[in-house]
Amino acid sequence: MEPVLISPASFQLFGFIPTVIFSVLLPLVGVGLFTYIMAKRIAPLVKANPDFRFDRPKERILNVLKIWLGQYRHPRYMMAGVLHIIIFFGFLILSVRSTELVIKGISEGFVMPGLGGTLGDIYYFFKDYAATAVFFAVIIAAVRRGIFRPDRYHYPASYGHDHTNEAVFVCLIIATLMVSESLFEAALVAAEIQAGHEATFLAPGTLAWFFKNVLLDNSTESLQTYHIVSYYVHDFTFFFFLCFLPLGKHFHVITSLFNVYFMRLDRGNVRPVRYGVKDEELDDLETFGVKKFSDFTWKDILDFYTCADCGRCADQCPANTVKRPLSPRFISIKGRDYAFSHFPLMGNFVPQELLVGEGGIYSEDEIWSCTTCGACEQECPLGIEYINKIVDLRRGLVDEGNVPQSLQKPLSSLEKRGNPYGKMEKKRADWTKELEGCEVKILDKKTEAQTLYFVDSISSFDERMQNVARATSKILCAVGEDFGILGKEEKDSGNEVKRFGEEMLYQSLKAHNISAIQKSGVKKIVTADPHAYNSLKNEYTDIPPVEHISEVVTKAVASGKLKLKGVTEEEAGKIYTYHDPCYLGRHNGLYDPPRDAIDAIPGIRRVEMHKSRDRSFCCSGGGLMLFYEPEEEERMGVVRVKHAQKAGANVIVTACPFCLVNMEDAIKVAGLEGKMEAIDLGELIAAHIDN
């Protein structure tokens, strides 16, 4: 059968130029320009510090399948998520067709391998629906982004112009690709029908099917024009889009797969000061942390390139919510803009200046405002990391002596006394003097125990939090644990010190504690402080396994070692809600044990706050921020107390002394004394022991 139309690969003149020349030149120029742009974009990564991300390939591949291919995190924002999933999978399906069309312009009868038979019929059927779905999805996305503009896309004037126009423009580019591909096929099928030939099947209700019906009455010459023009519109748009992607926020279309593959596999830890440098060699380093752009690691810069400016991180960031001068989103955006301006596509690289402070892209308040809660990383659908960057920037500031005034005293106390309160080491065990009916051993050369209760600084020295230490001890006694504490030999776990950026002090605290733990001869460690739990579990080495007290309670209740009595008549009128501490929940995945412990109390009534589990709202106590005085419109703790009030609760149960400090203070600030109360999980359980 003779072809009805002249294909783009055949001898066709545009003026006096054979169209096949365009079919060859467009791919050559497009691929060549794209290669040049990518080479320039890779330059900052080559100059950056190393980052060890080539381990555990199976886990990394599973992350790619789940988070990148499976779009696992996108439906957390349902409307935007569904639109993105449609566009994403539509693109994957249509990438095969676009590649095929490029080659068709050079080789007329080309069909992608494997698509010449039944499999091809199935593919082309779904391809038409994919193109149609993507077309309508990008139109909705363009309207949503360009007109309705959800709050999380807000772009402060101080940061320059927003990316709305770019986002809408890209939506129109994608729509053009969908329309041109559908029109290309529809014109051919319409011509086949006019000629009485067996026409290619077009899926009903699709763009191609619609265009075919519209074009049926057109002349063969017109159909040929539509066929050829739509081909070159698609070809040009395809390569234009390819070269446009590395120029802005849509760079993530290219980099996201790699970023997800190289994303962090372990939570709760902070990367070393420099990969390949052992802790004992840190003194040999001339400089610590990130001061200039090339001090970032290549993964940091890949993160900057991958940011889609979706605003999810900022939307969940508690610091951003209370209007502190921090938005994780702009950490990435400003980093990417810096890379583009200092490593330009044309000309020489621009000399780098300090990143933080006057003349830099980040302010000191911005960097100190982070509580290291991890909400931004939990929400990002592309595996972008922020805590490592924040900590590295803080390391740079600390190395230069730029420490906020309010944090200088606790740091000095930590260095001299091993705790931020400046209290004498021998007073660490004083809280045990008021403990009745339970013996707490002080582990030394003469006294041994199977279990170490690691108290940490806040529960050792803060008078209110000492009740948490006593309650924890009562629970351990009730379940029959042979336990003791290190007493004066214990120093602060250093979790906050490390996240503050004082690496050498952290190493000193860690080394001392590891030595003391090893000398004690214990087989297990228990703590009621999630910050201590996180540091001991994720960053200490060569120590026994660590459990949070909530895990001890749930196991003991399940085994029958611990029996709990029901609520009192007074408690029967109370409604409890559990607040997930960041360093117990997001950083370590302990969501159920504390809830199971609460629910084990007969008759207790518990409700969930809207922001709970991995979307819990930080109390503001992380990263040494308990001593920091930030600029904010409303305290994070107050926001959290209002969450509890909205859920209908009048008792907030915490499983972290840092959270308890902030919740009790926030209740006062919010004017809810007498209407709302906060209690530690250990205190609640200890009050209901019925052994």
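Along every chain, residues carry numbers that run from 1 in the direction the sequence is written. For a predicted model such as this one, the threshold for reporting local features is a pLDDT of at least 70, and the threshold for listing and counting side-chain atom pairs is 80 or more; totals across whole chains, interfaces and linings nevertheless cover every residue. Just so you know, side-chain values use all the structure's heavy atoms and leave hydrogens and water out.

Brief notes about the overall build of the protein chain
(1) Moving on: A count of helices and strands for the protein chain gives 26 helices and 11 strands.
(2) Moving on: Seen through its C-alpha atoms, the protein chain measures out along the principal axes to roughly 100 × 60 × 45 Å.
(3) Moving on: Only heavy atoms enter the contact rule, under which two residues are in contact if any of them lie within 4.5 Å. Across the protein chain, contacts joining residues at least 24 apart in sequence account for 78% of those joining residues at least 6 apart.
(4) Moving on: Of the accessible surface of the protein chain, which amounts to about 29,500 Å², a share of 57% is contributed by carbon and sulfur atoms.
(5) Moving on: Counted as positive: Lys and Arg. Counted as negative: Asp and Glu, with His and the chain ends omitted from the count. Taken as the charge centre is NZ of Lys, CZ of Arg, CG of Asp or CD of Glu, depending on the residue. Distance from the positive charge centre (77 side chains) to the negative charge centre (87 side chains) of the protein chain: 3 Å. Segments assigned H or I by DSSP are reported as helices when at least four residues long, segments assigned E as strands when at least two residues long, and all are numbered from the N terminus. Note on areas: Shrake-Rupley with a 1.4 Å probe; residue coverage comes only from the protein chains shown.

With respect to the state of the cysteines
(1) Moving on: Disulfide: a pair of cysteine sulfur atoms within 2.5 Å of each other. The final tally for this structure, using the stated rule, is one disulfide.
(2) Moving on: Paired through a disulfide, cysteine 438 and cysteine 477 show a sulfur-sulfur distance of 1.9 Å. Note on the cysteine 438 and cysteine 477 pair: the S-S dihedral is about 70°, so by sign convention the disulfide is right-handed. Remark: cysteine 477 occurs in helix α18 (residues 466-478) and cysteine 438 occurs in the loop between α16 (405-417) and β3 (441-442); sequence separation between them is 39 residues.
(3) Moving on: Using a 1.4 Å probe on the protein chains alone, a residue whose accessible area is under 20% of its type maximum counts as buried, one over 50% counts as exposed, and one in between counts as partly exposed. Accessibility expressed as a relative area gives 11% for cysteine 438, which makes it buried.
(4) Moving on: Just so you know, cysteine 171 is unpaired, no disulfide at all, and the nearest cysteine sulfur is the one on cysteine 310, 14 Å from it.
(5) Moving on: Judged by its relative accessible area of 11%, cysteine 171 falls in the buried class.
(6) Moving on: Of all cysteine sulfurs in the structure, the one in cysteine 373 sits closest to cysteine 317, which takes part in no disulfide; the separation is 6.2 Å.

Some thoughts on the packing of helix α1 (residues 19-47) against helix α9 (residues 298-306)
(1) Moving on: Axis lines are fitted through C-alpha atoms, for helices just across the contact stretch, and the angle between N-to-C directions can take any value from 0 to 180 degrees. Relative orientation of the contacting elements α1 and α9 amounts to 145°, with a least axis distance of 7 Å. The handedness of the crossing between α1 and α9 is right-handed. Mapping the contact onto sequence places Arg41, Pro44 and Leu45 in α1 and Trp298, Ile301, Leu302 and Tyr305 in α9.
(2) Moving on: Here the contact of α1 with α9 is composed, by residue class, of six nonpolar, no polar and one charged. Crossings are assigned a handedness: left-handed for a near helix turned anticlockwise from the far helix by less than a right angle, right-handed for a clockwise turn. Each residue is assigned to one class: nonpolar for Ala, Val, Leu, Ile, Met, Phe, Trp, Tyr, Cys and Pro, charged for Asp, Glu, Lys and Arg, and polar for all the others, Gly among them.

Focus: the pattern of salt bridges
(1) Moving on: The salt bridge criterion pairs a side-chain nitrogen of Lys or Arg with a carboxyl oxygen of Asp or Glu, the two atoms within 4 Å. For the structure shown, the criterion picks out 49 salt bridges.
(2) Moving on: Here arginine 60 makes a salt bridge to aspartate 55, at a shortest N to O gap of 2.8 Å.
(3) Moving on: Between lysine 433 and aspartate 430 there is a salt bridge whose closest N-O contact spans 3.5 Å.
(4) Moving on: Connected through shared salt-bridge partners, Asp51, Arg53, Arg271, Lys299, Asp300, Asp303, Glu385, Lys389, Asp392, Arg395, Lys498 and Glu503 make up one network.

Topic: helix α24 (residues 636-646)
(1) Moving on: Listing the buried residues of α24 in full gives Met636, Gly637, Val638, Val639, Arg640, Val641 and Ala644.
(2) Moving on: Elements that come into contact with the buried residues of α24 comprise α11 (318-321), β8 (576-578), β10 (651-654) and α25 (657-669).
(3) Moving on: Downstream of α24 by a residue or two, glycine 648 has a phi angle that is positive, lying close to 90°.

Describing the sheet that holds β8
(1) Moving on: Spatially, β9-β8-β10-β11 is the arrangement adopted by the four strands of the open sheet, whose pairing is parallel. Looking at strand neighbours, the two that pair on one side only are β9 (606-607) and β11 (677-680), the edges of this open sheet.
(2) Moving on: When β8 meets β9, the two strands line up parallel, connected through two bridges. What sits directly across from tyrosine 576, in β9, is arginine 606. By the convention used here, strands pair only if DSSP detects at least 2 bridges between them.

Re the domain arrangement of the protein chain
The accessible area lost on association of the parts is a frequent measure of interface size.
(1) Moving on: Here the limits of each domain have been adopted from an automatic or database domain assignment. By the assigned domains, the protein chain splits into domain 1 (12-24 + 77-239), domain 2 (281-399), domain 3 (419-558) and domain 4 (562-686).
(2) Moving on: Residue-level contacts link 21 residues of domain 2 with 22 residues of domain 4.
(3) Moving on: Using a 1.4 Å probe, buried area is obtained as the accessible area two parts lose upon being combined, added over both of them. Of the roughly 1,700 Å² buried where domain 2 meets domain 4, counting both sides, 54% is carbon and sulfur surface.
(4) Moving on: For the pair domain 2 and domain 4, the interface holds two salt bridges.
(5) Moving on: The partner of arginine 324 in a salt bridge is glutamate 632, with the nearest N and O atoms 2.9 Å apart.
(6) Moving on: Each polar contact in these results corresponds to two N or O atoms within 3.5 Å; when the atoms are within protein, one needs to be able to donate a hydrogen and the other to accept it, and residues that are neighboring in sequence are counted only if both atoms are side-chain atoms. Applying the counting criterion to the domain 2 and domain 4 interface returns nine residue pairs in polar contact (both at pLDDT 80 or more).
(7) Moving on: Broken down by secondary-structure element, the contributors of at least two residues to the side of domain 2 that touches domain 4 are α11, α13 (364-368), α14 (375-379) and α15 (387-399).
(8) Moving on: Along the lines of polarity and charge, the residues of the side of domain 2 that touches domain 4 split into nine nonpolar, seven polar and five charged.

A short note on a nonpolar patch on the surface
(1) Moving on: Residues Ile21, Val24, Leu25, Leu28, Val29 and Ile106 make up a contiguous nonpolar surface patch of about 520 Å² in total accessible area.
(2) Moving on: The topology assignment puts leucine 28 in helix α1.
(3) Moving on: Taking the relative accessible area as the measure of exposure, leucine 28 reaches 57% and is therefore exposed. Note on patches: the residues involved have over 30% relative accessible area and no salt bridge, like charges join within 9 Å, and the nonpolar side chains Val, Leu, Ile, Met, Phe, Trp and Tyr join within 5 Å.

Regarding the sheet that holds strand β6 (residues 524-527)
(1) Moving on: Read across the open sheet, the five strands follow the order β3-β5-β4-β6-β7; overall the sheet is parallel. Every interior strand has two partners, whereas the edge strands, β3 and β7 (546-548), have only one.
(2) Moving on: Alignment of β3 against strand β5 (residues 483-485), held across two bridges, turns out to be parallel. Bridge pairing in β5 links lysine 441 to glycine 484.
(3) Moving on: Across the sheet, α18 is in contact with β4 (451-453), β5 and β6; its angle to β4 comes to roughly 160°.

A word on the packing of aromatic side chains
(1) Moving on: Side-chain rings of Phe, Tyr and Trp (the six-membered ring for Trp) are treated as a pair once their centres are within 6.5 Å; stacked means planes under 30 degrees apart, edge-to-face means over 60, and tilted covers the remaining angles. Tallied over the full model, the rule gives 33 aromatic pairs.
(2) Moving on: Between phenylalanine 135 and phenylalanine 136, the ring centres sit 5.2 Å apart and the planes meet at 80°, which makes this aromatic pair edge-to-face.
(3) Moving on: The class of phenylalanine 136 is partly exposed, set by a relative accessible area of 48%.
(4) Moving on: Between tryptophan 368 and phenylalanine 500 the ring centres are 4.8 Å apart and the planes differ by 25°, which places this aromatic pair in the stacked class. Of this pair, tryptophan 368 sits in helix α13 while phenylalanine 500 sits in helix α19 (residues 495-500); the two residues are 132 residues apart in sequence, bridging distant segments of the chain.
(5) Moving on: We classify tryptophan 368 as buried; its relative accessible area is 1%.
(6) Moving on: One aromatic cluster is present, formed by Phe293, Phe296, Phe304, Tyr338, Phe343 and Phe349 through successive ring pairs.

Quick look at the environment of tyrosine 421
(1) Moving on: Secondary-structure assignment places tyrosine 421 in the loop between α16 and β3.
(2) Moving on: Using a relative accessible area of 26% as the deciding quantity, one classes tyrosine 421 as partly exposed.
(3) Moving on: What tyrosine 421 contacts, discounting residues up to four positions off in sequence, is Ser413, Ser457, Ile458, Phe461, Asp462 and Phe627.

Observations concerning helix α6 (residues 207-215)
(1) Moving on: Here α6 has its buried residues at Leu207, Ala208, Phe211, Lys212 and Leu215. Viewed along the axis of α6, the buried residues span an arc of 135°, placing them on a single side of the element.
(2) Moving on: Elements that come into contact with the buried residues of α6 comprise α4 (118-148), α5 (164-194) and α7 (220-244). When we speak of the arc, we mean the arc of directions from the helix axis to the C-beta atoms.

What about the packing of α1 against α7?
(1) Moving on: For the pair α1 and α7, the least separation of the axes is 9 Å and the interaxial angle reads 10°. In this view, α1 runs roughly parallel relative to α7, as classed from their interaxial angle. Residues Thr19, Val20, Phe22, Ser23, Leu26, Pro27, Gly30, Val31, Leu33, Phe34 and Ile37 of α1 form the contact with α7, whose participating residues are Tyr231, Tyr232, Asp235, Phe236, Phe239, Leu242 and Cys243.
(2) Moving on: Its residues assigned to classes, the contact of α1 with α7 shows 14 nonpolar, three polar and one charged. Angular relationships are summarised with four words: roughly parallel below 35 degrees, roughly antiparallel beyond 145, roughly perpendicular across 65 to 115, and oblique for the angles in between.

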